[in-house]
Amino acid sequence: AARLQARRDHLPLQARDPRPGQLGGGQVGVLQGRAAAGPGANLAMALLWALAYRLGDEVLASDGLQMMARAGIMINVVLMVLNLLPILPLDGGRIAVSLLPHRLAMSYSRLEPYGFMVIILLLATGLLDNLMTPFIALALAGLQFVTGI
């Protein structure tokens, strides 16, 4: 029992004991909301930068504002997509753990210590760019559709 408890203590909270308010326990809960808060904030900032881009184009005719807005859009979209990758300890990994059945969530959570090594390996091999590019394009197309930029 002590050995089982020691193994359990090394798991992230959501993989230990899914509660009724968590997806692992059957419903969307606070934990998933916290995991989605970072990418959600990036999306909100990208939307604000897109509106600033339109303002710089239509109202102020400011090239400087448009350049800054373009950079703000790209930075926030890239951060959002990166953070949504289902690799622990990124937010996407936390969301993935919450969606998995308890037994799979526990197994997947054991990979967390290797997450940053996986990300660095993907970055060094160029696979991270290949993996993220379609999702970045999709997010930019969605921003363009919503804001008309």
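Analysis parameters
- Residues numbered from 1 in each chain as written.
- Predicted model: local features only at pLDDT ≥ 70, side-chain atom pairs only at ≥ 80, totals over all residues.
- Heavy atoms only, no water.
- Helix = DSSP H or I, 4+ residues; strand = E, 2+ residues; numbered from the N terminus.
- Buried < 20%, exposed > 50% of the residue type's maximum accessible area, 1.4 Å probe, protein only.
- Contact = heavy atoms within 4.5 Å.
- Areas by Shrake-Rupley, 256 points an atom, 1.4 Å probe, with all protein chains shown as cover.
- Salt bridge = Lys/Arg side-chain N within 4 Å of Asp/Glu carboxyl O.
- 1 Å grid on protein atoms, 1.4 Å probe; cavity = no way out; pocket = protein on both sides within 12 Å on 5 of 7 lines; lining within 4 Å.
- Points joined across faces, edges and corners; volume = space filled by probe spheres on them.
- Core = buried A, V, L, I, M, F, W, Y, C linked by side-chain atoms within 4.5 Å.
- pLDDT = per-residue confidence, 0-100.
- Patch = residues over 30% accessible without salt bridge, like charges linked within 9 Å, V, L, I, M, F, W, Y side chains within 5 Å.

Thoughts on the overall build of the protein
Part 1: A tally of helices and strands in the protein yields 8 helices and 0 strands.
Part 2: In sequence order, the secondary structure elements of the protein are arranged as α-α-α-α-α-α-α-α.
Part 3: A burial count over the protein gives 32% of its 149 residues as buried.
Part 4: Sequence separation of at least 24 residues holds for 58% of the intrachain contacts in the protein that already meet a minimum separation of 6.
Part 5: Carbon and sulfur atoms form 69% of the exposed surface of the protein, whose accessible area is close to 9300 Å².

Some words on the pattern of salt bridges
Part 1: Considering all chains together, one arrives at 1 salt bridge under this definition.
Part 2: Note that E112 and R94 form a salt bridge whose closest N and O atoms lie 2.7 Å from each other. One end of the pair, E112, is in the loop between α6 (102–109) and α7 (115–125); the other, R94, is in helix α5 (residues 91–99), and 18 residues separate them in sequence.

Section: the environment of R34
Part 1: For R34, the position within the fold is in helix α3 (residues 30–58).
Part 2: Relative accessible area serves as the criterion here: at 55%, R34 is assigned to the exposed category.
Part 3: It is 9.5 Å that separates the C-alpha atoms of R34 and R94, two residues lying 60 residues apart in sequence.

What about the environment of A137?
Part 1: Mapped onto the elements, A137 comes out in helix α8 (residues 127–147).
Part 2: The class of A137 is partly exposed, set by a relative accessible area of 44%.
Part 3: Residues A137 and V78, 59 residues apart in the sequence, show an inter-C-alpha distance of 9.9 Å.

Thoughts on the layout of surface pockets
Part 1: Put simply, the largest pocket is a space of about 170 Å³.
Part 2: Forming the walls of the largest pocket are M80, V81, L84, L85, P86, F135, L138 and A139.
Part 3: Elements supplying a minimum of two residues to the lining of the largest pocket: α4 (63–83) and α8.

Some remarks on the nonpolar core
Part 1: Judged by nonpolar contacts, the single largest core of 16 residues is most densely connected at V77, V81, L85, I87 and M132.
Part 2: No other element matches the 5 residues that α8 contributes to this core.
Part 3: Not counting the four nearest positions on each side in its chain, V77 is found in contact with A46, I136, A139, L140 and L143.

A short note on the confidence of the model for the protein
Part 1: Scored by pLDDT, the protein has a mean of 82; 78% of the residues are at 70 or more.
Part 2: Taken together, the stretch residues 18–28 has pLDDT below 50 and engages in 23 contacts with residues farther than four places along the chain or on a different chain.

Some thoughts on a nonpolar patch on the surface
Part 1: A cluster of nonpolar side chains, namely L111, Y114, M117 and V118, defines an oily patch on the protein surface of about 400 Å² accessible area.
Part 2: With respect to the helices, strands and loops of the structure, Y114 is situated in the loop between α6 and α7.
Part 3: Judged by its relative accessible area of 48%, Y114 is partly exposed.

Section: unusual backbone geometry
Part 1: Of note, the amide linkage connecting L88 to P89 takes the cis form, showing an omega dihedral of 15°.
Part 2: In this fold, P89 is placed in the loop between α4 and α5.

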